[in-house]
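Breakdown of the fold
Here is what each chain is made of, one letter per residue.
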Amino acid sequence: MRRLLSLLLATVLSLPAVPMAQTAASAPASAPLGLTDAARGPTPIDGTTKPPRLTNSVNDDRRLPRNYDMQPPVVPHRVDGYQIDKNFNKCMDCHARDKAEFSGAVPVSKTHYIDRNGRVLDRISTRRYFCQQCHVSQEPVAPITGNRFQGLTPQRTTP
Ligand code: HEC
Ligand code: HEC
């Protein structure tokens, strides 16, 4: 396995060397091969970029349609400072199935109560405990690259 990995690594490492050497004279240093990565800007590939700070996430409470089957819905509200640790899960304060009627939040789906052996639990499954592994709030920024992805229709939302 290790041998295979180092072989692969060696192959990957050696790949860019050839074309870059060929174009080094003609292409500007910031855009080898004429490719620019919108996320990196002119920072060379071996440099480290400074990502912009996150600002205020979208908090308009409008649930967004899903782009593909089984996509975890994105979070349409701010989640700053919500405590999620072994003692407490703030998200479940509103999103637990028995709290949703009171809180007005979308209850987590049944899948979130199923453990890895397929057993249905009376509490959130540990597989789904850290909500933000899968659900993220959105930053109000323009996409940095174009995207022609088209979702499937009709979409299935949730079991
Ligand atoms: C104070 C109650 C409350 C808390 C706490 C809360 N939410 Fe929400 N959430 C809501 C409500 C209400 C909605 C329905 C849309 C809206 O009004 O924002 C919602 C919507 C959502 C949705 C969209 C669901 C869909 O199908 O579109 C996701 C995902 C979500 N929340 C995730 C989270 C996560 C993750 C946390 C914890 C980090 C969290 N929420 C904490 C109340 C809450
Ligand atoms: C491992 C990924 C993952 C984790 C962790 C996770 N979810 Fe989800 N969630 C999903 C997926 C995928 C869906 C859509 C399919 C489904 O419902 O199973 C979903 C659906 C939802 C929905 C929409 C339900 C509906 O009926 O439309 C809500 C609300 C939600 N999750 C909240 C949460 C909260 C709150 C937590 C943390 C306690 C959480 N999720 C943890 C993946 C995850």
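The notes below deal with the structure included here. (Residues numbered from 1 in each chain as written. Chains lettered and ligands numbered in written order. Predicted model: local features only at pLDDT ≥ 70, side-chain atom pairs only at ≥ 80, totals over all residues. Heavy atoms only, no water.)

Brief notes about the site of ligand 1
If you check the shell around ligand 1, you find 20 residues, and the closest are Asp-61, His-77, Cys-91, Cys-94 and His-95. A distance of 2.8 Å is found between an oxygen atom of ligand 1 and a side-chain nitrogen or oxygen belonging to Arg-63. The contact in question runs from a nitrogen atom of ligand 1 to an N or O atom on the side chain of His-95, over 2.7 Å. The residue makeup of the shell around ligand 1, split by class, is eleven nonpolar, five polar and four charged. (Near = heavy atom within 4 Å. Polar contact = N/O pair within 3.5 Å; in protein donor to acceptor, adjacent residues only side chain to side chain. Nonpolar A, V, L, I, M, F, W, Y, C, P; charged D, E, K, R; others polar.)

Focus: the side chain of His-135
As for its placement among the helices and strands, His-135 is situated in the segment after helix H3 (100-103). We classify His-135 as buried; its relative accessible area is 18%. Setting aside chain neighbours within four positions, we find His-135 in contact with Pro-72, Pro-73, Val-75 and His-112. (Helix = DSSP H or I, 4+ residues; strand = E, 2+ residues; numbered from the N terminus. Buried < 20%, exposed > 50% of the residue type's maximum accessible area, 1.4 Å probe, protein only. Contact = heavy atoms within 4.5 Å.)

With respect to the coordination of the iron atom of ligand 1
Protein ligation of the iron atom of ligand 1 involves His-77 (NE2) and His-95 (NE2), the donor distances falling in the range 1.9 to 2.0 Å. Geometry at the iron atom of ligand 1 is octahedral, judged from its six donor atoms and the angles of 87 to 178° they form at the metal. Note that His-77 is positioned in the loop between helix H1 (2-23) and helix H2 (90-95) and His-95 in helix H2, a separation of 18 residues in sequence. The partly exposed category is assigned to His-95, whose relative accessible area is 22%. (Donors = N, O, S within 2.8 Å, 3.2 Å for Na, K, Ca; no water. Tetrahedral: all angles 85-135°; square planar, octahedral: opposite > 155°, others 65-115°.)

Concerning the nonpolar core
Residues Ile-84, Cys-91, Met-92, Ala-96, Val-108, Tyr-113, Ile-124, Tyr-129 and Cys-131 constitute the largest nonpolar core, which totals nine residues. Discounting residues that sit within four places of it in the chain, Cys-91 has contacts with Ile-84 and Cys-131. (Core = buried A, V, L, I, M, F, W, Y, C linked by side-chain atoms within 4.5 Å.)

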